[in-house]
Amino acid sequence: VPQGRQEPPMLQAKVASGELPPVDERLPENPAVVGGRDAIGVYGGEVRMIHFDPVWCVSNYDWNAERLLHYSDIDLRTIVPNVFEAWEVSPDGTTFTIKMRKGLKWSDGEPVTTEDVRFFIEDVWFYKELNAAPMWQLRFDGGANNAPAKLEVIDDFTFKLTYAASFGALPAHMTRWEPVGNWPSILQPAHFCKKYHNKYTDQAKLDQMAKDAKLETWVQLFNQRCGPSQWGLGVWQFPAWITSDPFPTLSPWILKEIPQEGLIMMERNPYYWKVDLEGNQLPYIDSLRFDYITQTDAAKLKLAQKELDALGMHDVTMAEYPFYKENEPTGNFQVMDYISCMSDRDVLFPQHVIYKEASKL
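Calculation rules
- Residues numbered from 1 in each chain as written.
- Predicted model: local features only at pLDDT ≥ 70, side-chain atom pairs only at ≥ 80, totals over all residues.
- Heavy atoms only, no water.
- Pairing = 2+ DSSP bridges.
- Helix = DSSP H or I, 4+ residues; strand = E, 2+ residues; numbered from the N terminus.
- Axes fitted to C-alpha atoms, helices over the stretch in contact; angles between N-to-C directions.
- Patch = residues over 30% accessible without salt bridge, like charges linked within 9 Å, V, L, I, M, F, W, Y side chains within 5 Å.
- Areas by Shrake-Rupley, 256 points an atom, 1.4 Å probe, with all protein chains shown as cover.
- Salt bridge = Lys/Arg side-chain N within 4 Å of Asp/Glu carboxyl O.
- Buried < 20%, exposed > 50% of the residue type's maximum accessible area, 1.4 Å probe, protein only.
- pLDDT = per-residue confidence, 0-100.
- Contact = heavy atoms within 4.5 Å.
- Polar contact = N/O pair within 3.5 Å; in protein donor to acceptor, adjacent residues only side chain to side chain.
- Core = buried A, V, L, I, M, F, W, Y, C linked by side-chain atoms within 4.5 Å.
- 1 Å grid on protein atoms, 1.4 Å probe; cavity = no way out; pocket = protein on both sides within 12 Å on 5 of 7 lines; lining within 4 Å.
- Points joined across faces, edges and corners; volume = space filled by probe spheres on them.
- Nonpolar A, V, L, I, M, F, W, Y, C, P; charged D, E, K, R; others polar.

## What about the sheet that holds strand β12 (residues 287-292)?
(1) Moving on: Taken in spatial order, the 4 strands of this open sheet run β2-β12-β10-β9, and their pairing is mixed. For this open sheet the edge positions go to β2 (46-51) and β9 (253-257), each flanked by a neighbour on one side alone. Between one strand axis and the next, the sheet turns by 30° as a mean value, whatever way the strands run.
(2) Moving on: In this structure, β9 lies alongside strand β10 (residues 264-268), joined through 4 bridges in antiparallel fashion. The partner of Ile 254 across the bridge, within β10, is Glu 267.

## A look at the sheet that holds strand β7 (residues 150-155)
(1) Moving on: Spatially, 4 strands are ordered β5-β6-β8-β7 in an open sheet, and the strand pairing comes out antiparallel. Of all the strands in the sheet, the pair left with one neighbour each is β5 (84-89) and β7. Going from strand to strand, the sheet's axes swing by 20° on average, the running direction of each strand aside.
(2) Moving on: The pairing of β5 with strand β6 (residues 95-100) spans 5 bridges and is antiparallel.

## Focus: a nonpolar patch on the surface
(1) Moving on: Taken together, the side chains of Val 33, Ile 40 and Leu 277 define a hydrophobic patch exposed on the protein surface, amounting to about 230 Å² of accessible area.
(2) Moving on: Relative to the helices and strands, Ile 40 is located in the loop between β1 (32-33) and β2.
(3) Moving on: Judged by relative accessible area, which is 34%, Ile 40 ranks as partly exposed.

## What about the confidence of the model for the protein?
(1) Moving on: Taken as a whole, the protein shows an average pLDDT of 88; of its residues, 90% reach a score of 70 or greater.
(2) Moving on: Long-range and interchain partners of residues 351-361, a stretch whose pLDDT sits below 50, account for 12 contacts in this model, where long-range means more than four residues apart.

## Quick notes on the environment of Glu 66
(1) Moving on: Along the chain, the position of Glu 66 falls in the loop between α3 (60-64) and β3 (69-71).
(2) Moving on: The sequence separation of Glu 66 and Pro 179 amounts to 113 residues, and the corresponding C-alpha distance is 7.3 Å.
(3) Moving on: In contact with Glu 66, other than residues within four places in its own chain, are Asn 82, Val 83, Trp 177, Glu 178, Pro 179, Leu 250, Ser 251, Pro 252, Tyr 272, Trp 273 and Lys 274.
(4) Moving on: At 2.4 Å, the side chain of Glu 66 and the side chain of Tyr 272 are in polar contact.
(5) Moving on: A polar atom in the side chain of Glu 66 sits 3.1 Å from the side chain of Lys 274.

## Things to note about the nonpolar core
Most often, soluble globular proteins keep nonpolar side chains buried together rather than apart.
(1) Moving on: One finds Phe 84, Phe 159, Leu 161, Met 174, Ile 186, Leu 187 and Phe 222 to be the most contacted residues of the largest nonpolar core, which totals 66 residues.
(2) Moving on: Ranked by residues supplied to this core, first place goes to helix α4 (residues 114-125) with 6 residues.
(3) Moving on: If we ignore the near neighbours within four places in the chain, the residues touching Leu 161 are Thr 94, Thr 95, Phe 96, Ile 121, Ala 149, Lys 150, Leu 151, Leu 170 and Ile 186.
(4) Moving on: In this structure, Ile 293, Leu 303, Leu 311 and Phe 333 belong to the second largest nonpolar core, which totals 10 residues.

## Thoughts on the environment of Lys 150
(1) Moving on: As for its placement among the helices and strands, Lys 150 is situated in strand β7.
(2) Moving on: Taking the C-alpha atoms as reference points, Lys 150 and Ala 164, separated by 14 residues in sequence, lie 8.8 Å from one another.
(3) Moving on: When neighbours within four sequence positions are excluded, Lys 150 is seen to be in contact with Lys 160, Leu 161 and Thr 162.

## Observations concerning empty space enclosed by the protein
(1) Moving on: Overall, the coordinates contain 5 cavities of 30 Å³ or more when judged by the stated rule.
(2) Moving on: Estimates place the volume of the largest cavity at around 50 Å³.
(3) Moving on: Lining of the largest cavity is provided by Thr 296, Ala 299, Lys 300, Leu 311, Asp 315, Val 316, Thr 317, Glu 320 and Tyr 324.
(4) Moving on: With 3 residues, the single largest contributor to the lining of the largest cavity is helix α9 (residues 296-304).
(5) Moving on: Looking at the lining of the largest cavity, its residues break down into 4 nonpolar, 2 polar and 3 charged.

What follows is the structure in structure tokens.
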């Protein structure tokens, strides 16, 4: 772990006033270290993007999504730690011992522990009032009797999953699982979601909360705030309720405000758990801005007028590929084709700084 952890300038005043604890208390004991191929970055700045829905800014997926494990960006095939710090697999591929990062915190400062795993598996996936059929990755048994995986919590930061049959692909599945209610997953902010669960909150209170939210049942309320199908809550989906009841995430940026319909303003997560090779807490960029537009031509105009810093994979179209390429030499942007498991993988990164070695980028 790099020594001499640095405080992002944007947060220094909050630390000095006591509003935030110092960076050493916000980072886990063993933060994820990013770097090795690029220079150390510079703090500050805002990235300007667009989105085509007043609630969903799905190209933020590229910037803000974090997986429980991920593939190495060096060889694109080796599975490496990310949210989870380490894992071991039994020789027969049936038992997985997973270690979490001690001191890791949600974006609201609450600790991330095995309770967040236990809650999601036992009180969401296998809670019959919420789910009739848990995700198949928790029921894999090689075709025997649909036997559920067995969860064993060892301590606050270690747990085991044991299957009835060899499931060697489980770590690969975790490269798609996020620490929120989107995609299949096994990690969720229990302290937040228990507010909406009838096992932890008085039924009369839940009924009133559901009524206040113009919903009929506590199940509807829970599924709105914490349901496994609510992809991207606090990451790239921002329904109206989330401004007053922020959904905790582990992403680099968190919602700051929605000053008008569709205008999504985000700022750095002070509890983000990654550092660079010199120990600087990431991310480098202070804020993200997503402007809501309704026409693809508006995106082209903003790009031409140098009002955008990135057009993500969901904001560009192959139909306009000739336009992008024809204007690339004079438009101060790059058209980049990314390796991905998804088909819509074209991204534009306008260049606002001319690099002497731009031809080599």
